[in-house]
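# An overview of the molecular structure
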Amino acid sequence: MDFEHSERARNVMAQAERFVRERIVPSEQTYFDQLVGSNDWKEWKIPPVLEELKAEAKELGLWNLFLPDEEYGAGLDNRDYAPVAEITGRSFLAPEVFNCSAPDTGNAEVLVKYGSAEQKEQWLEPLLAGDIRSGFAMTEPAVASSDATNMQATCEVVGDEVVLNGQKWWTSGAGDPRCAFFIYMGVTDASAGRHERHSMVLVPTDAPGVNILRMLPVFGHLDEPHGHAEVLFENVRLPVSSIIAGPGRGFEIAQGRLGPGRIHHCMRAVGASERALERLCQRAVNRVAFGKPLSNLGGNRDIIANSRMAIDQARLLTMKAAWALDTLGTFGALVDISAIKVIAPNVLQSVTDAAIQIHGGEGMSDAELTRLLAMARALRIADGPDEVHRGMVARLELKKYV
Ligand SMILES: Cc1cc2nc3c(=O)[nH]c(=O)nc-3n(C[C@H](O)[C@H](O)[C@H](O)COP(=O)(O)OP(=O)(O)OC[C@H]3O[C@@H](n4cnc5c(N)ncnc54)[C@H](O)[C@@H]3O)c2cc1C
């Protein structure tokens, strides 16, 4: 295994680290000050500082770094992108400032790989320019969606149209005023094989029949200005050319889409864990109780050491998964992707929990730490719950013996 970063990646890392430290982190408070907080998602607006930072990052070439494709993206492979994504994990704003945030990254990858020339022109180009955002509508309230074969939503081909009917939820980003399209997944032919019946369809968010019902709260927060929506698709009629790669390819595309996307989340989780440990240690050395710094009380040194060791293990496993994805492809990397998808959010959750604990009462209202804890908790469910990924690791392990 070769984890050596290319010279280009080392340059991008240095530039990204500086930009996050000098421009993005100091702008976080301005972002919150400019954010219009409202329970009505239709009133949400994008804080101007975000677009200003995006323009600066684009100018510096810190843009679309997630996309290995040379024509459309920065041309970094997963091993080279991993440390950059880790750096962006240190600020909640950084992924979007670099046009590297989910679900756009996964949607862009799908369009690069499977999109027609027309689909690329209409949706991929503005997405990569940072002019629009997008959503991915796969999960459904009515069925256990960690098993995608349960899906009930339909996208039937009728003449030269595709007709969508179904109810989705947890469509992240649907409340963003710039969200211009969804990639919707549904059943086209229920009589086809389990993995050949689904299709993915590009749906303009303003198409007749698309009805955003509400934004779902995450631990009581709506995650504005992006949100996670429940969406009703009622007789949405689109030209058949809206289907990505043609009918019946949805399952295949979904599997390819989730590989890199899952690793990106994990890479950012490693960076976020570093941030949480930094906060933990700063507090541990600066606050005194019972005549000693908190770092010298009880088991706090063990907590710090365990956090350091867990983060370093998570980073190495992330790098292994990135290496496997680059050299063996999604199917060759299945175990490593599932393994890191379990490990990274759990490490982030435990380090953040420890950081909150050492802040005492203040920790419970610390905006950064509580946001990181919520993120870690959600990541243990989003993109497949821990149990499903453990199941994958166990299945492939046991395959060696039967
Ligand atoms: C913040 C957030 C953002 C999200 N964003 C998106 C998005 O943009 N687009 C989208 O389509 N979806 C999104 N999701 C949805 C997410 O992908 C699903 O919630 C997830 O796949 C699980 O599906 P489910 O909720 O139907 O849970 P279910 O399938 O009902 O599973 C519930 C629980 O059952 C248990 N379980 C399931 N399978 C197994 C198993 N094999 N072994 C043991 N136990 C098992 C697990 O404990 C699991 O958590 C998001 C979710 C969250 C929380």
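You'll find the structure just up there.
We now turn to the structure provided with this report.

Calculation criteria
All residue numbers refer to positions counted from 1 along the written sequence of the respective chain. Residue-level local features of this predicted model are given only where pLDDT is at least 70; pairs of side-chain atoms are given and counted only at 80 or more, and the full residue set underlies all totals for whole chains, interfaces and linings. Side-chain measures were taken over the full set of non-hydrogen atoms in the model, leaving aside hydrogen atoms and water. Ring pairs are drawn from Phe, Tyr and Trp, using the six-membered ring of Trp, whenever the two centres fall within 6.5 Å, and their geometry is named by plane angle: stacked under 30 degrees, edge-to-face over 60, tilted for the rest. In this description a helix means any DSSP run of H or I spanning at least four residues, a strand means any run of E spanning at least two, and both kinds are numbered starting from the N terminus. Per-residue accessibility, obtained with a 1.4 Å probe over protein chains only, is compared with the maximum for each type, and a residue is labelled buried under 20%, exposed over 50%, and partly exposed between these values. Whether a charge sits over a ring depends on NZ of Lys or CZ of Arg being within 6 Å of the ring centre and within 35 degrees of the ring normal. The salt bridge definition used is simple: a Lys or Arg side-chain nitrogen within 4 Å of an Asp or Glu carboxyl oxygen. Proximity criterion: a residue is near a molecule or strand once any of its heavy atoms comes within 4 Å of it. In protein, a polar contact means a hydrogen-donor-capable atom and an acceptor-capable atom, both N or O and within 3.5 Å, with residues adjacent in sequence counting only if both atoms are side-chain atoms; elsewhere, any N or O pair within 3.5 Å suffices. For this classification, Asp, Glu, Lys and Arg are treated as charged, while Ala, Val, Leu, Ile, Met, Phe, Trp, Tyr, Cys and Pro are nonpolar and the rest, including Gly, are polar. Domain ranges listed in this record stem from an automatic or a database domain assignment.

## Re the packing of aromatic side chains
Two aromatic rings, taken as a pair, are described by how far apart their centres are and by the angle between their planes. Going through the model one piece at a time under the given rule, you end up with eight aromatic pairs. For the ring pair Trp 123 and Phe 181, a centre distance of 4.9 Å and an interplane angle of 40° mean the geometry is tilted. One end of the pair, Trp 123, is in helix α7 (residues 117-129); the other, Phe 181, is in strand β4 (residues 179-187), with 58 residues separating them in the sequence. When sorted by exposure, Trp 123 lands in the same class as Phe 181, which is buried. Looking at Lys 168, its charged tip hangs above the ring of Tyr 184, at a distance of 5.3 Å from the centre.

## As for the pattern of salt bridges
This structure, assessed with the given rule, holds 30 salt bridges. We note a salt bridge from Arg 249 to Glu 252, for which the minimum N-O separation is 2.8 Å. If you follow the salt bridges from partner to partner, you end up with Glu 51, Lys 54, Glu 96, Asp 104, Arg 133, Asp 176 and Arg 178 in one network.

## A look at the site of the ligand
In the region of the ligand, 18 residues are neighbours, and Phe 136, Thr 139, Ser 145, Ser 146 and Trp 170 sit closest. For the ligand, an oxygen atom lies 3.2 Å from a polar atom in the side chain of Glu 387. Contributions of two or more residues to the shell around the ligand are made by β3 (161-172) and α12 (386-398). In the shell around the ligand, the residues fall into ten nonpolar, six polar and two charged. Residue assignment places the shell around the ligand across two domains, with domain 2 (134-244) and domain 3 (251-398) each supplying three or more.

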